[in-house]
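# Per-entry structural report
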Amino acid sequence: MNDVCPTCRHYAALREQARQAGDYSKATDYEVLRRRHPAHTVHIPRQPKGRIA
């Protein structure tokens, strides 16, 4: 986890609160949001249009 990112820390805290409340579905949702946060997104360059070798 990125400990310096406030958004990541926020999602992690919300995930832990949901786990403690027994709402594992919501905890999973927060984990997905944290992982999809732009700091964790892998950017794949677009392939050029045209013929594929």
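Before reading further, recall that the structure is shown in the block above.
To start, this report covers the structure provided alongside it.

Rules and cut-offs
Residues numbered from 1 in each chain as written. Predicted model: local features only at pLDDT ≥ 70, side-chain atom pairs only at ≥ 80, totals over all residues. Heavy atoms only, no water. Helix = DSSP H or I, 4+ residues; strand = E, 2+ residues; numbered from the N terminus. Buried < 20%, exposed > 50% of the residue type's maximum accessible area, 1.4 Å probe, protein only. Areas by Shrake-Rupley, 256 points an atom, 1.4 Å probe, with all protein chains shown as cover. Polar contact = N/O pair within 3.5 Å; in protein donor to acceptor, adjacent residues only side chain to side chain. Salt bridge = Lys/Arg side-chain N within 4 Å of Asp/Glu carboxyl O.

## What about the overall build of the chain?
Regarding its fold elements, the chain presents 2 helices and 0 strands. Put simply, the chain has 53 residues, and 19% of those count as buried. Accessible surface for the chain amounts to roughly 4,800 Å². Of this, 53% is attributable to carbon and sulfur atoms.

## Some points on the side chain of Glu 31
With respect to the element layout, Glu 31 can be found in helix H2 (residues 24-36). Looking at Glu 31, its side chain comes within polar contact range of the side chain of Arg 15, at 2.3 Å.

## Description of the environment of Ala 12
Looking at where Ala 12 falls in the secondary structure, it is placed in helix H1 (residues 6-20). Separated by 19 residues in sequence, Ala 12 and Glu 31 place their C-alpha atoms 7.0 Å apart.

## Concerning the pattern of salt bridges
Counted under the stated rule, the structure contains 3 salt bridges. Arg 15 serves as the salt-bridge partner of Glu 31, at 2.3 Å between the closest nitrogen and oxygen. Highlighted residues: Glu 31 in helix H2 and Arg 15 in helix H1, separated in sequence by 16 residues. Each member of the pair, Glu 31 together with Arg 15, is buried. For Glu 31, the salt bridge identified is with Arg 35, shortest N-O distance 2.7 Å. Taken together, the positions of Glu 31 and Arg 35, both in helix H2 and 4 residues apart, correspond to about one turn of that helix. What makes Arg 35 exposed here is its relative accessible area of 55%. When salt bridges with common partners are traced through the structure, they connect Arg 15, Glu 31, Arg 34 and Arg 35 into a single cluster.

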